[in-house]
Amino acid sequence: MTDIPSQQPSGTPPQWTPPAPAGTAQPSAQSSAQSSPQPPAGPYAPPPAQTATMPSVPGSPGTPWTPGPPVKKRGAGRAGLVAAVLAGALVAGGTAGVGGAAIYDALAGDGIGGGANTPATSQVVDAKIPEGSIEKVSAKVLPSVVKIEVTSQQGSGSGSGVVISSDGTILTNNHVVELAADGGTVTVDFNDGTSASAEVLGTDPLTDTAVIKAEGVSGLTPITIGKSDNLTVGQSVVAIGSPFGLDSTVTTGIVSALDRPVNVGVDQSGAATVYPAVQTDAAINPGNSGGALVDLNGNLVGINASIRSTSGGGGQDAGSIGIGFAIPIDEIRPIVEQLEKGEQATHAQFGISVSDAPAAQSGQTSVTGAQVQEVGEGSTAEKAGLEKGDVITKVDDHIITGSDSLVATVRSYRPDDEVEVTWVRNGEEQTAKVTLDSDASSGTS
């Protein structure tokens, strides 16, 4: 999981950081083309600009994960991006060191023992678990969530993953497995107590997504895929993963916000890892990275990836304060299908570099949005007539509040999608329909 305090290497939760194991410090976000890098706010990420009955179970019944055509882009009626990104440190929640296990052992005691109040004979009550209850969700989802342990010469860490095929294909965060890039080993621990080695099929740093394959396994329980586009603020959700190495941990909460632009830094090429996150108050901690966020039907709606933390150090110092972030499953499903096939992940882009629009000067009117710094030759932005200095304020119905929100919004589309872009030049508003480019050739977005 990533912590929101500051950026750090995977393995330690970044601040506005993903909750994952290994990692790299990263500056700031770039736009759909590439936003101008900015200094990181903290360890793992740049500073953003911040029992009752359940009457009905939200969400759709869900369907098993099956490769197919990319999910269609959400409709124009979807709520726009939140006006500002929380200030603070983001921490990846993927890694847990030996300290986590040691603390647990010290607190575990001797287990359940008899005492003065223990009845001589236990009574078993056959109570049917109601549909939509946390118990029902846990029973359904736990077999589909795994603990992932990574070891390399650079160190070791642990995170979580979600089973998406019966023969061992597992979805997780890039920052959970990036330690394995230099000849490291990956081990998967299943809910039934068994384990297996795994290989990395593909990674996508721009969306913090990775797909691995456990070796020599069969008969696993794939998770059921839901639709993150159907989520509503206030809806109940359940997070399952291995915080601090404590596998099969279940926490609950609600959807606190949608389309929150989360920037956890930049990769070695200078491209920003930014996504339009589902914000939740379900407890997410280091080690939860790559685990499941599900609705009350037990359908996967997000991959837990980062947290906001009050700690400036991130890593083991970071912990849940009730602000966690998950990558919406609808946004990454097409990318996951590419990674499963061993293909390079592709992303939509405008072909521009952007920064946050500058504050208004004395006597001038302020315009909030992403200011164009450079327009790529032959790009969709150039064809639309965008110029350096223009401030992009909307993409379809999504309000753009800065470079991060533009990057996150554009990445929620796919190459060749048509969108309407609104920008301001010299106080005049202009709009144009554009067809988004692909970064397949450039390798950046």
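As the structure is a prediction and not an experimental result, all values here were calculated from the model.

What counts, and at which threshold
Residues numbered from 1 in each chain as written. Predicted model: local features only at pLDDT ≥ 70, side-chain atom pairs only at ≥ 80, totals over all residues. Heavy atoms only, no water. Helix = DSSP H or I, 4+ residues; strand = E, 2+ residues; numbered from the N terminus. Buried < 20%, exposed > 50% of the residue type's maximum accessible area, 1.4 Å probe, protein only. Areas by Shrake-Rupley, 256 points an atom, 1.4 Å probe, with all protein chains shown as cover. pLDDT = per-residue confidence, 0-100. Contact = heavy atoms within 4.5 Å. Pairing = 2+ DSSP bridges. Axes fitted to C-alpha atoms, helices over the stretch in contact; angles between N-to-C directions. Salt bridge = Lys/Arg side-chain N within 4 Å of Asp/Glu carboxyl O. Core = buried A, V, L, I, M, F, W, Y, C linked by side-chain atoms within 4.5 Å. Domains from an automatic or database assignment.

Helix and strand counts for the chain stand at 6 helices and 25 strands. Within the chain, the fraction of its 445 residues that count as buried is 55%. Accessible area for the chain stands at about 17,800 Å²; split by element, carbon and sulfur atoms hold 50% of it.

Turning our eyes to something else, we now look at the confidence of the model for the chain. Mean pLDDT over the chain stands at 75; residues scoring 70 or higher make up 66%. Below pLDDT 50 for its whole length, residues 17-64 participates in 276 contacts with residues either more than four positions away or in separate chains. Segment residues 66-89: pLDDT under 50, and 85 contacts once partners within four positions in sequence are set aside and those in other chains are kept.

This part takes up the sheet that holds strand β8 (residues 185-189). On the basis of which strands lie adjacent, the closed barrel formed by 6 strands has the order β5-β6-β7-β10-β9-β8 and antiparallel pairing. When strand polarity is set aside, the average angle formed by the axes of neighbouring strands in this sheet is 40°. By the bridge criterion, 4 bridges tie strand β7 (residues 169-172) to strand β10 (residues 209-214) in an arrangement that is antiparallel. Among the inter-strand pairings, threonine 169 is bridged to a residue of β10, identified as lysine 213. The strands touched by helix α4 (residues 329-340) are β7, β9 (195-204) and β10; relative to β10, the strand with the most contacts, the crossing angle is about 50°.

We now examine the pattern of salt bridges. Taken as a whole and judged by the stated rule, the model has 6 salt bridges. For the salt bridge of aspartate 167 with lysine 213, the shortest nitrogen-to-oxygen distance reads 3.7 Å. Of the two residues, aspartate 167 is situated in the loop between β6 (155-163) and β7 and lysine 213 in strand β10; the sequence distance between them amounts to 46 residues. For aspartate 167, a relative accessible area of 37% puts it in the partly exposed group. The class of lysine 213 is partly exposed, set by a relative accessible area of 22%. One salt bridge in this structure joins lysine 227 and aspartate 330, with 3.5 Å as the shortest N-O distance. With a gap of 103 residues between them, lysine 227 in the loop between β11 (224-225) and β12 (236-241) and aspartate 330 in helix α4 connect regions that are remote in the sequence. Residue lysine 227 is classed as partly exposed on the basis of its relative accessible area, which comes to 34%.

Moving on to the environment of valine 146. Secondary-structure assignment places valine 146 in strand β5 (residues 145-152). The exposure class of valine 146 is buried, given its relative accessible area of 2%. For the pair valine 146 and aspartate 247, spaced 101 residues apart in sequence, the C-alpha to C-alpha distance is 7.5 Å. Excluding residues that lie within four positions of it along the chain, valine 146 makes contacts with Gly159, Ser160, Gly161, Val163, Ile170, Val188, Asp189, Phe190 and Ser242.

Moving on to the nonpolar core. Core analysis: the largest hydrophobic core is formed by 31 residues, its most contacted members being Leu171, Ile223, Val294 and Leu300. Elements with a contribution of two residues or more to this core: α2 (134-141), β12, β13 (249-266), β14 (272-280), β15 (292-294), β16 (299-309), β17 (324-328) and α4. Considering each element in turn, this core owes the most residues, 5 residues, to α4. Residue contributions to this core reach at least three from each of two domains, namely domain 1 (136-214) and domain 2 (235-309 + 320-341). The residues contacting leucine 171, other than those within four sequence positions of it, are Gly161, Val162, Ile164, Thr209, Ala210, Val211, Gly290, Ile303, Ile329, Ile332 and Val336. Phe350, Ala384, Val410 and Tyr413 belong to the second largest nonpolar core, which has 21 residues in total.

Of all the 8 residues making up β5, 6 are buried; the element is thus mostly covered by neighbouring parts of the structure. Where β5 meets β6, 8 bridges bridge the pair, whose relative direction is antiparallel. Bridge pairing in β6 places threonine 151 opposite serine 156. The turn joining β5 and β6, which pair antiparallel and follow one another in sequence, is formed by 2 residues. Relative to β8, β5 runs antiparallel, the two sharing 5 bridges. Across the sheet, valine 150 pairs through a bridge with valine 186, a residue of β8.

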